[in-house]
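Observations on the model geometry
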Amino acid sequence: MISLGKQLLKSGPDHRPVGEPIIKSESAIQASGEAQYVDDIPSPPYCLHASFVCSTKSLARVKDIKLDSRTQSDEVTTLISYKDIPQSGMNVGYKTLFGTGPLFAEDVTECVGQRLAVVVSETQKKADVAAKLAVVEYDMEGLEPPILTVEQAVERSSFFEIPSFLYPQPVGDILKGMDEADQKIISAEIRLGSQYHFYMETQTALAVPEEDDCMVVYSSIQCPEIAHQAIAKCLGLPEHSIRVITRRVGGGFGGKALKAMPVAISCALAAYKLRRPVRIYHNRKTDMLTTGGRHPMKITYNVGFKSGGKVTALDLNILINAGMDADISPVIPHNMLSTLKKYDWGALSFDIKVCKTNHSSKTAMRAPGEVQGTYIAEAVIENVASHLKMDVDIVRSRNFHTFESLHCFYKECAGEPEELTLHALWDKIAQSSTYYQRTEMIKEFNQLNKWHKRGISRVPVVHQVSVRATPGKVSILSDGSISVEVGGIELGQGLWTKAKQMAAFGLSSIQCEGSTDLLNKVRIVQTDTLSLTQGGWTAGSTTSESSCAAVKLCCDVLVERLIPLKERLEQQMGSITWETLISMAGMHSVNLSASCLYVPDFASMNYLIYGAAVSEVEINILTGETTILQSDIIYDCGKSLNPAVDLGQIEGAFVQGIGFFMTEEYLSGADETVIADGTWNYKIPTVDTIPKKLNVEIVNSGNHKKRVLSSKASGEPPLLLSASIHCATRAAVREARKQLASWSGIDEESATLFNLPVPATMPVVKELCGFDIVERYLETLSTPPTALN
């Protein structure tokens, strides 16, 4: 078999069907292709198609945009730009807490890929061709050179403001920590690149004008409510004239949040102007050019540590490339530090700058900032261990938090002492993965094999998440079936499945005949911004639990209304069925619909998630090929709402992390045009690059009174555990470099002090394994002894 795996799940018997590993509710129709996504919606009569004209300059004045004569015909081919926005509207392409960004460039374009206009035509193909052939006249006279690096941004003081409430606080006295250190590493540098979301469904929307200046927009988006507001602002209409509908999204990972808005707004603007339905479906090339991806970074750090491996102080200088717009970039420093603090650094200080550059604006990408933060932490630990010539696993363990230090670093979200399960997970993963035995076997393998080397690494994760307010609505229909609406969007993460389970559990407390088997009677309906308001964002991994909490509140209201009627009926009729109760409730005018807004308690809305992973890899030092032999994951889900769904989230996030750390290069050319614009040159993980053996254990750690039925999130934190693969690769490369040192006569210590870039692609591994030295060594083997003399 190509790959093997073992999954260890534990069902929760307390709140059935919540806690049971029920199959994802839409899996069958998704697998068969029957599930309807935005682009599957049949085009209404007279529907038009649109495609963006994007800038090819990093910084330039836009003097004119014209359609190529070859694309003109008797058919409708129209160019729409900021000049076509209604007088009462605004040139707004997205909306966040930090402000708005433009839908289209006006006088000046600020990056390659910025939207300049949208071409509307009879078919998507014709619109794409017309947009590609559109002639844009630029003028760069008198403009300063574009800012293309974070270093240039620092030189020109080009930064986005980080609100004070989002800027993380330092910990301890950095000068005292440095004074206590026995050794120091000064001005070490790390650079991290970007990553594209690579969802299966690219950005898409359909706008349909209706009577009385109303507009219905079907959008593949993670936050319909915010798109609703932005569309209203752009068109200059009251929000009650806009309706955004999202049935489901074909993968988001953050890329269907803000980056989906300009697609929906452009459709709405074109439909409003032309009074015809308009739809957009990005081709992959356009999607990769405009989506932006994860934030690239440059990190410089100083670290002080004791001879025994305990770090006493860490000081960081972090430059974040945010691109041309703020987007969600001001939250990245907070997110980074939340995971970087997973070790007890003694004292921690930092200077973080969010740089405004002439690149496409970077956006949320699964675990935004957190994956970079956890990698920085591991890179520091690896560097300290190399300088001390210590086993890195020992150095990690010596810098684990006690509850006292955890409370010092995480303050309000540290929880209670019994919630700190990381030490138990750390020991358990060592035992279940036979970590120590395999470490000895790897040492023997490396001694016996010249051209292949293996490495193993054990990595922890501490991930802070936040729960947000979320609405819900539960309605019981006359036949006893149940309709549920939630603020959260189904992105493939199983949110609807958990919400169905929660509705069945919440209404089961009525305790009449049939009320304990309601799961098959529940249906989750699409999100409609005029039907359920205050939907907010589906992001940060916690929307499933907050949506479930909202559903439970609605069910509690319905149960409270139905119990008195049930008791009266039982006195008259004896035992009654669920259907009879609901039928009689209708006759007695009992309100069978309830809407609620779940608002988390401020003191417990932030909490920590713990996990650990062990990964073993083998590298070919002649080719740089890396094979992931085995990964073992252990993850604390509190009490999982659905361990089967959480398992899928854990495995999927882990594999996406493999892409970031090992294969995915989101490269641009000298003119800043995206080079990696499709699967031909952008390498996501495939069946032959995932672990040959992947074992996952979901731990039900116990009762967490402040959580939703004691559950914890599972969407993003497991991605951070894939750093174990990068660290294991570094260990294997280190063994190869030790061997090279013996061949070339160089100092072994200098050979083992190196930085393994992210992603650690084949050419990177091959170069660090010293292929030039290998070639010289092979030449000595093939040269006759007489020639050597």
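Note that the structure is predicted; figures quoted are calculated from it, not measured. (Residues numbered from 1 in each chain as written. Predicted model: local features only at pLDDT ≥ 70, side-chain atom pairs only at ≥ 80, totals over all residues. Heavy atoms only, no water.)

1. Here's the deal with the overall build of the protein chain
As a reminder of what qualifies: The secondary structure listing takes helices from DSSP runs of H or I that are at least 4 residues long and strands from runs of E that are at least 2 residues long, numbered from the N terminus. As a reference, a globule follows 2.2 Å times the number of residues to the power 0.38, and the radius of gyration itself is taken over C-alpha atoms. Contact between two residues is taken to exist if any of their heavy atoms lie within 4.5 Å; hydrogens are not considered. To measure how exposed things are, a 1.4 Å probe is used in the Shrake-Rupley method; for residues, cover is taken only from the protein chains shown.
Regarding its fold elements, the protein chain presents 23 helices and 27 strands. The globule rule puts the C-alpha radius of gyration for 789 residues at 28 Å, and the 28 Å found for the protein chain is close to it. Expressed as lengths along the three principal axes of its C-alpha atoms, the size of the protein chain is roughly 100 × 75 × 55 Å. Intrachain contacts of the protein chain at a sequence separation of at least 6 include 82% that bridge at least 24 residues. As displayed, the protein chain offers around 31400 Å² of accessible surface, 52% of which is attributable to carbon and sulfur atoms.

2. Some thoughts on the environment of Thr626
Relative to the assigned elements, Thr626 resides in strand β26 (residues 626-636). In sequence terms Thr626 and Ala760 are 134 residues apart; their C-alpha atoms lie 8.9 Å from each other. Not counting chain neighbours up to four residues away, the residues in contact with Thr626 comprise Val617, Glu618, Ile619, Met662, Thr729 and Val765.

3. Examining the packing of helix α9 (residues 370-388) against helix α19 (residues 723-744)
Where we set the bar: Note on geometry: axes are lines fitted to C-alpha atoms, helical ones only across the stretch in contact, with angles between N-to-C directions running from 0 to 180 degrees. Oblique is the label for every angle not falling under 35 degrees (roughly parallel), over 145 degrees (roughly antiparallel), or within 65 to 115 degrees (roughly perpendicular). A clockwise turn of the near helix away from the far one marks a right-handed crossing, whereas an anticlockwise turn of less than a right angle marks a left-handed crossing. Ten residue types, Ala, Val, Leu, Ile, Met, Phe, Trp, Tyr, Cys and Pro, are classed as nonpolar, four, Asp, Glu, Lys and Arg, as charged, and the remainder, Gly among them, as polar.
Axis separation between α9 and α19 bottoms out at 11 Å; the angle between their running directions is 25 degrees. Accordingly, the angle class assigned to the pair α9 and α19 is roughly parallel. Between α9 and α19 the crossing geometry is right-handed. Contact residues: Tyr375, Glu378, Glu382 and Ser386 in α9; His726, Cys727, Arg730 and Arg734 in α19. Each residue belonging to the contact of α9 with α19 can be placed in one class, and the counts come to two nonpolar, two polar and four charged.

4. Topic: the state of the cysteines
Counted only if it meets this: Disulfides are defined as cysteine sulfur pairs within 2.5 Å. To sort residues, take the accessible area from a 1.4 Å probe on protein chains only and compare it with the maximum for the residue type: under 20% means buried, over 50% means exposed, and anything in between is partly exposed.
Using the criterion set out here, one finds zero disulfides in the structure. Cys555 provides the cysteine sulfur closest to Cys548, a residue in no disulfide bond, and the two sulfurs are 10 Å apart. Of the residues examined, Cys548 reaches a relative accessible area of 1% and is grouped as buried.

5. Quick notes on a negative patch on the surface
Let me state the cut-off plainly: Each patch is assembled from residues with relative accessible area greater than 30% and no salt bridge, linking like charges that lie within 9 Å and nonpolar side chains (Val, Leu, Ile, Met, Phe, Trp, Tyr) that lie within 5 Å. One speaks of a salt bridge when a side-chain nitrogen belonging to Lys or Arg is within 4 Å of a carboxyl oxygen belonging to Asp or Glu. None of His or the chain ends enter the tally, which takes Lys and Arg as positive and Asp and Glu as negative. To locate a charge, take atom NZ for lysine, CZ for arginine, CG for aspartate or CD for glutamate.
Together, Glu210, Glu211, Asp212 and Asp213 make up a region of like negative charge exposed at the surface. Locating Glu211 in the fold gives a position in the loop between β12 (204-210) and β13 (214-219). When its relative accessible area of 68% is taken as the criterion, Glu211 is described as exposed.

6. Remarks on the sheet that holds strand β1 (residues 4-8)
For the record, the criterion: Paired strands, as defined in this entry, are two strands with at least two bridges between them according to DSSP.
A sheet is described by the order of its strands in space; here five strands give the open sequence β1-β27-β26-β25-β19, paired in mixed fashion. The sheet is open, and its two borders are formed by β1 and β19 (452-466), each paired with just one other strand. Across this sheet, the average inter-strand angle for adjacent strands is 10 degrees, counted without regard to direction. Where strand β25 (residues 606-620) meets β26, nine bridges bridge the pair, whose relative direction is antiparallel. Bridged to Val617 within β26 is Ile628.

7. Observations concerning α9
The condition that has to hold: What a helix should span is 1.5 Å times the count of its residues minus one.
Taking 1.5 Å as the rise per residue, α9 with 19 residues should run 27 Å; its terminal C-alpha atoms sit 27 Å apart, in good agreement. The element α9 is largely enclosed, with a buried count of 18 among its 19 residues. Within two residues after α9, Lys389 carries a phi angle of roughly 55 degrees, on the positive side.

8. Looking at the packing of aromatic side chains
Put simply, the rule reads: Only Phe, Tyr and Trp rings are paired, with Trp represented by its six-membered ring, and only when their centres lie within 6.5 Å; those with planes under 30 degrees apart are stacked, over 60 edge-to-face, the remainder tilted. Should the NZ of a Lys or the CZ of an Arg lie within 6 Å of a ring centre and within 35 degrees of the ring normal, that charge is described as sitting over the ring.
As enumerated under the stated definition, the model contains 14 aromatic pairs in all. Ring centres of Tyr196 and Tyr199 lie 5.9 Å apart, and the angle between their planes is 70 degrees; this geometry places the pair in the edge-to-face category. A residue is classified by how much of its surface remains accessible, and Tyr199, at 0% relative accessible area, is buried. On the basis of an interplanar angle of 35 degrees and a centroid distance of 6.3 Å, the ring pair of Tyr343 and Phe400 is categorised as tilted. Of this pair, Tyr343 sits in the loop between α8 (332-340) and β18 (347-356) while Phe400 sits in the loop between α10 (392-398) and α11 (403-410), placing them 57 residues apart in sequence. Phe400 shares its class with Tyr343; the two are buried. One cation-aromatic arrangement involves Lys256 over Tyr199; the distance from NZ or CZ to the ring centre is 4.5 Å. A cation over a ring is seen here: Arg284 above Phe198, with NZ or CZ 4.3 Å from the ring centre.

9. Digging into the side chain of Ser615
This is how the line gets drawn: Whenever two N or O atoms come within 3.5 Å, that pair is a polar contact, provided that in protein one can donate a hydrogen and the other can accept it, and provided that, for residues adjacent in sequence, both atoms are side-chain atoms.
Mapped onto the secondary structure, Ser615 falls in strand β25. Ser615 gets classed as buried once you look at its relative accessible area, which sits at 0%. A polar contact is formed between the side chain of Ser615 and the side chain of Ser724, at a distance of 2.8 Å. Sequence-distant contacts of Ser615, that is, excluding residues within four places in its chain, are made with Gly455, Ile456, Ser457, Gln630, Ser631, Phe654, Ser724, Ile725 and Ala728.

10. With respect to helix α14 (residues 495-508)
For α14, with 14 residues, the first-to-last C-alpha span of 20 Å sits near the 20 Å given by 1.5 Å per residue. Of all the 14 residues making up α14, 14 are buried; the element is thus mostly covered by neighbouring parts of the structure.

11. Brief notes about the side chain of His463
Here His463 lies in strand β19. When near neighbours in sequence (up to four residues on either side) are disregarded, His463 contacts Thr339, Glu370, Tyr607, Leu608, Ile609, Glu716, Pro717 and Leu720.

12. Quick word on the environment of Tyr94
With respect to the helices, strands and loops of the structure, Tyr94 is situated in strand β5 (residues 94-96). Relative accessible area serves as the criterion here: at 7%, Tyr94 is assigned to the buried category. Distance in space between the C-alpha atoms of Tyr94 and Ser55 is 18 Å, their sequence separation being 39 residues. When neighbours within four sequence positions are excluded, Tyr94 is seen to be in contact with Gly99, Thr100, Gly101, Leu258, Met261, Ile265, Asp325, Ala326 and Asp327. For Tyr94, the side chain forms a polar contact with the main-chain nitrogen of Asp327, separated by 3.1 Å.

13. Observations regarding the environment of Leu289
In this fold, Leu289 is placed in helix α7 (residues 284-290). C-alpha of Leu289 to C-alpha of Asp677: the two residues are 388 residues apart in sequence and 7.0 Å apart in space. Not counting chain neighbours up to four residues away, the residues in contact with Leu289 comprise Cys54, Val112, Gly113, Ser360 and Val674.

14. Digging into the nonpolar core
To keep things clear, this is the line we draw: Remark: nonpolar core denotes a set of buried residues (Ala, Val, Leu, Ile, Met, Phe, Trp, Tyr, Cys) joined through side-chain atoms within 4.5 Å.
One finds Leu316, Trp345 and Leu348 to be the most contacted residues of the largest nonpolar core, which totals 209 residues. No other element matches the eleven residues that helix α15 (residues 543-573) contributes to this core. If we ignore the near neighbours within four places in the chain, the residues touching Trp345 are Lys310, Val311, Thr312, Ala313, Leu314, Leu340, Ala377, Val380, Ile381 and Phe409. The next biggest cluster of nonpolar side chains, apart from the first, holds 14 residues, and it includes Ile65, Ala105, Leu116 and Ala134.

15. Points about the sheet that holds strand β7 (residues 108-109)
Read from one edge to the other, the open sheet built from three strands follows the order β7-β3-β9, with strand pairing classed as antiparallel. Edge positions in the sheet fall to β7 and β9 (135-139), since each has one partner strand and no second. By the bridge criterion, two bridges tie strand β3 (residues 60-66) to β7 in an arrangement that is antiparallel. In the strand pairing of β7, Ala60 is matched with Thr109.

16. Description of the packing of α15 against helix α16 (residues 578-587)
Following both chains from N to C, one finds α15 and α16 inclined at 110 degrees, their axes separated by 10 Å at the closest point. When the interaxial angle is binned, α15 and α16 end up roughly perpendicular. Between α15 and α16 lies a crossing whose hand is right-handed. Two secondary-structure elements touch here, α15 through Leu562, Leu565, Lys566, Leu569 and Met573 and α16 through Thr580, Leu581, Ile582, Met584 and Ala585. A class-by-class count of the residues in the contact of α15 with α16 yields eight nonpolar, one polar and one charged.

17. Looking at unusual backbone geometry
With omega at 5 degrees, the peptide bond leading from Arg16 into Pro17 counts as cis. In this fold, Pro17 is placed in the loop between β1 and α1 (27-32). Across the junction of Val758 and Pro759, the peptide omega takes the value 0 degrees, indicating a cis bond. With respect to the helices and strands, Pro759 occurs in the loop between α20 (748-751) and α21 (762-768). Positive phi is not limited to glycine here, since Phe253 has a value of about 55 degrees. With respect to the helices and strands, the residue Phe253 is situated in the loop between β14 (242-246) and α6 (261-274).

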